[in-house]
Amino acid sequence: MNDDSGQSGRSRELTLEAPAKVNLGLEVVRRRADGYHDLNTIFATVDLCDRVRLRIGGSGIRCSVSGNRQLAGEPVEQNLCVLGARRLLEECERSEGVEIVLEKRIPIGAGLGGGSSDAAAVLRGLVDLLSLPITDDHLHALALSLGSDVPFFLRGGVAHAEGRGERLVPLDVELPWSILLVNPGLHVGTVEAYRLVGRQGEKEGRDLVGGVMDALEHPDLLGGALPNDFEGPVFAAWPEIGRLHGRVAETDGLLHVGMSGSGSTIFGIYRSREEARRASRLFGEFFTHVGRLGRPLGMAAD
Ligand code: C5P
C-alpha cells in the first residue's frame, strides 16, 4: 500500500491488488424473468492479481491500461473501473478527479473475473481514499449494478453464492490445496454460454459447500463434488477447451479438474504446489499460473 496523503495533504494515492477468482462448482439453477439466471456456486480468489493504482487529483476520471493490448485499445469509457468510479462519486455527491492506472495480468474473457475484480478494487480503494460515508449495503448494490461477479470481489476469500452471484455467504475455511490455471486464449462470450446451457425449468442445486467440507477431510472426494453446468455445452462448441480439460484431467496428483465460470480457463487442484508446478510444465504453449486458493483481499505492497 502506498498512501502519501499524510505527507502532502493534496495528492493521495493507493495501490490495490485485484485477484482472479475461480468457481468451485457452478450450477445454473433457473432462468429468471429478468433474463438473468440464478446460480449455485462457490467463488474462491486465486493469487493471480491485476494491480490497480488510484490517485486523487486533476479533473475527471482518467484510466490507462497496460499489460493487455486489447483492453488498452478500447475506449476508457467502456472500462468497468471508470464506470464504477463515476457511479460511486455521483452517488456520494463528490466531484474529485481520479486517475486509474490498471496493470493487467489476469487474462480477459477467461472466466476469471478480472474486469469485475478491477472494478471492485476501484470501489474499495475510493471508499478508503476519500473516506466515503457509504453503507456496505449501498456499496454492494452499486457493485451489483456493474456486474453479477463484482459484489464477491468486495470481500474476496471463499464464499457460497446464489441469485445472480450476489447472495453471498462467506466461508471461513482455509483451502490447503494448490491450483493450476491454464488459459487457452479463447474468448467465450458469457451471454452465448448461458444460451448454450439452455436451462429450461428449474434444477435442484447440489450441496457444493458440503462437498468442499467433506473434501477437507478426504481430499479424494473433491473430484466429482464440483460440477460446472457450462462444461458440456462449452466443450461441444469449443472442442479445444474440452481437449484441454481432458489433458489437465490426466496430470499426476490431480484432485479436481474444472472450468472456471463460462470458460475458457481450465483449472486443476492438487495437494501440493510441487504437483501443480510439475503439471504446469505440460502446458507451456498456454498462459499458466500456479498459486493458492481463497486468500482474503489485501492491498499491494509497493
Ligand atoms: O452481470 P453481468 O454483466 O456479468 O452479466 C453478463 C450477462 O451474462 C448478462 O447479461 C446475462 O445474459 C448473463 N448472466 C446471467 N445470469 C447471471 C449472470 C450473468 O444470465 N447470474
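Notes on the structure in this doc start here. (Residues numbered from 1 in each chain as written. Predicted model: local features only at pLDDT ≥ 70, side-chain atom pairs only at ≥ 80, totals over all residues. Heavy atoms only, no water.)

Here we look at the site of the ligand
Consideration 1: The environment of the ligand is formed by Gly35, Tyr36, His37, Leu39, Gly147, Ser148, Arg164, Thr190, Val191 and Tyr194.
Consideration 2: Measuring from an oxygen atom of the ligand, one finds a side-chain N or O atom of His37 at 2.7 Å.
Consideration 3: At 3.2 Å, a backbone N or O of Arg164 approaches a nitrogen atom of the ligand.
Consideration 4: In the complex, 73% of the free accessible area of the ligand, which totals 450 Å², lies under the protein chains.
Consideration 5: Spatially, the ligand is embedded in the largest pocket.
Consideration 6: Only strand E2 (37–56) and helix H6 (190–197) provide two or more residues apiece to the shell around the ligand.
Consideration 7: Among the elements that take part in the shell around the ligand, H6 stands out by supplying three residues, more than any other.
Consideration 8: A per-class count over the shell around the ligand returns four nonpolar, five polar and one charged. (Near = heavy atom within 4 Å. Polar contact = N/O pair within 3.5 Å; in protein donor to acceptor, adjacent residues only side chain to side chain. Areas by Shrake-Rupley, 256 points an atom, 1.4 Å probe, with all protein chains shown as cover. 1 Å grid on protein atoms, 1.4 Å probe; cavity = no way out; pocket = protein on both sides within 12 Å on 5 of 7 lines; lining within 4 Å. Sits in = over half its atoms within 2 Å of the grid points. Helix = DSSP H or I, 4+ residues; strand = E, 2+ residues; numbered from the N terminus. Nonpolar A, V, L, I, M, F, W, Y, C, P; charged D, E, K, R; others polar.)

What about the pairing of strand E5 (residues 158–163)?
Consideration 1: The element E5 is extensively covered by neighbouring structure, given that five of its six residues are classed as buried.
Consideration 2: Strand direction decides the pairing type here: E2 and E5, joined by six bridges, are antiparallel. When the bridges of E5 are listed, Leu39 appears paired with Gly163.
Consideration 3: Summarising the sheet, E5 and strand E6 (residues 167–170) pair through four bridges and their orientation is antiparallel. Of the residues in E6, the one forming a bridge with Ala161 is Leu168. (Buried < 20%, exposed > 50% of the residue type's maximum accessible area, 1.4 Å probe, protein only. Pairing = 2+ DSSP bridges.)

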